[in-house]
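# Structural overview
Listed below, chain by chain, are the residues.
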Amino acid sequence: MEKEFKVTPWEVKGKIDYEKLIKGFGISHIGAIPKKFQDNFLFRRKIVYGHRNLDLILNVIKNKEKFVMLTGLMPSGKFHFGHALVVKQMLFYQELGAKLYITVADIEAYNTRNPDLEELRKTAIEEYLTNYIALGLDPKNTDFYFQSARSKDGKKSNAYYSLAEKASRYISFNEARAIYGENISPAKLSSALLQFSDIVHAQLKEFEGPINVVVPVGSDQDAHLRLCSDIIQRMKDYKFRQITSTYNLFLPGLKGGKMSSSDLTSYVSLTDTIEEAANKIRKYAFSGGQATVEEHRKKGGNPDIDISYQWLRMFFEEDDKKLKKIYEDYKSGKLLTSELKQILIDKLTKFLKDHQAKREKARKLVDKFIFKE
Ligand code: TRP
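What comes next is a walk through the structure. (Residues numbered from 1 in each chain as written. Predicted model: local features only at pLDDT ≥ 70, side-chain atom pairs only at ≥ 80, totals over all residues. Heavy atoms only, no water.)

## A word on the side chain of Gln89
Considering the arrangement of structural elements, one finds Gln89 in helix H5 (residues 81-95). Given a relative accessible area of 2%, Gln89 falls into the buried group. Residues within four places of Gln89 in sequence aside, it is in contact with Leu42, Val48, Pro216, Thr246 and Asn248. (Helix = DSSP H or I, 4+ residues; strand = E, 2+ residues; numbered from the N terminus. Buried < 20%, exposed > 50% of the residue type's maximum accessible area, 1.4 Å probe, protein only. Contact = heavy atoms within 4.5 Å.)

## Some thoughts on the site of the ligand
Around the ligand, the structure places 15 residues, and the nearest of them are Gly72, Glu108, Gln195, Asp198 and Gln221. Residue Gln195 places a side-chain N or O atom 2.9 Å away from a nitrogen atom belonging to the ligand. Within the side chain of Asp198, one N or O atom sits 2.9 Å away from a nitrogen atom of the ligand. Notes on the ligand: free accessible area 360 Å², of which the protein chains cover 92%. (Near = heavy atom within 4 Å. Polar contact = N/O pair within 3.5 Å; in protein donor to acceptor, adjacent residues only side chain to side chain. Areas by Shrake-Rupley, 256 points an atom, 1.4 Å probe, with all protein chains shown as cover.)

## Details of the nonpolar core
In this structure, Phe81, Tyr132 and Trp311 are the most contacted members of the largest nonpolar core, which totals 119 residues. In terms of residues, this core owes the most to one element, H5, which gives nine residues. Two domains each put at least three residues into this core: domain 1 (6-249) and domain 2 (274-360). Contact partners of Trp311, with chain neighbours within four places excluded, come to Leu251, Pro252, Leu254, Met259, Val268, Ile281, Phe316 and Leu344. (Core = buried A, V, L, I, M, F, W, Y, C linked by side-chain atoms within 4.5 Å. Domains from an automatic or database assignment.)

## Overview of the packing of helix H10 (residues 186-200) against helix H11 (residues 222-234)
Two packed helices can be described by the angle between their axes and the distance between those axes. Their axes nearest at 10 Å, the elements H10 and H11 cross at an angle of 70 degrees. As far as their axial angle goes, H11 and H10 are roughly perpendicular. Contact residues: Ala192, Leu193, Gln195, Phe196, Ile199 and Val200 in H10; His224, Leu225, Leu227, Cys228, Ile231 and Ile232 in H11. A class-by-class count of the residues in the contact of H10 with H11 yields 10 nonpolar, two polar and no charged. (Axes fitted to C-alpha atoms, helices over the stretch in contact; angles between N-to-C directions. Parallel < 35°, antiparallel > 145°, perpendicular 65-115°, else oblique. Nonpolar A, V, L, I, M, F, W, Y, C, P; charged D, E, K, R; others polar.)

Keep in mind these values describe shape, not function.
What follows is the structure in structure tokens.
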């Protein structure tokens, strides 16, 4: 694997050094957090490792004020557990009472990936939305929209698109290059400005009015949040509040590198059958174990590089005590790689069985989410 890593909205590669990334981007570590956050294993284990302006949203929660959680997705390929990690965060904010704004970035996908809007729409609904609903998204408090069709209310739609257009006045090409690199193109810049509107438009009077917004994302999206912060400061007439963002680690791909919807052997999707999922774990999940059983018993394994262990830590085993036992037993050699994989497979099997039943019900609810507002 290359030593150099790269994390931009359009490219993620190499082995990510998160400390370097935090310093380079100017993200803050998650520090002391209230009990509600501590109770969530993603925050407690620093899977959500960094933030900008977290204090703003913590205050709002403390004062029981309203707030919005917004995030977005590019509808490409299968919906896998890397995507589901963000959904776990959506559900956390939903439980805290946030109104959820979820955008399908079909314009961004059209501009930067695949100019087939029909296909994008189908993927967004069948893969993403259906899985969101099955995972527990509540239509009552969710505004799910496509970038290409913000709202059936003309006033709202106008406000959303106008905001993206107006924002262009507040940045120069030099700044765009400084944030996004030399290869910034009209298509990418235009998508970035629409994403600015995604992130900020809840604060417009046509939507919620003055309100705080929290945006949970992967680190690759941070450039967009840096851009937002600059524009917010400059659009003085709007008096927008600064945005809170939080950053989660990427769930590693099965083979250790990046999890990618374009590489079938790097992920398990939420629509894989139980056999497919189990086989993928057995066949591809990178192991931190030793070459032979004897050697493993003697030297022990390395859970820190073992993908089955990492998936348990980051997604499937929320109980700290159980996780700790798995860690120690694997490290000491008491637990073999095949046994560790089986622990994950059992968890995965239970999850998928339950989820796939919920998915069938979710299909019927799709209409409740689309063009509601
Ligand atoms: N750019 C995001 C991606 O590549 C999708 C996106 C669009 C988004 N608008 C957003 C993410 C607003 C967070 C907030 O996946």
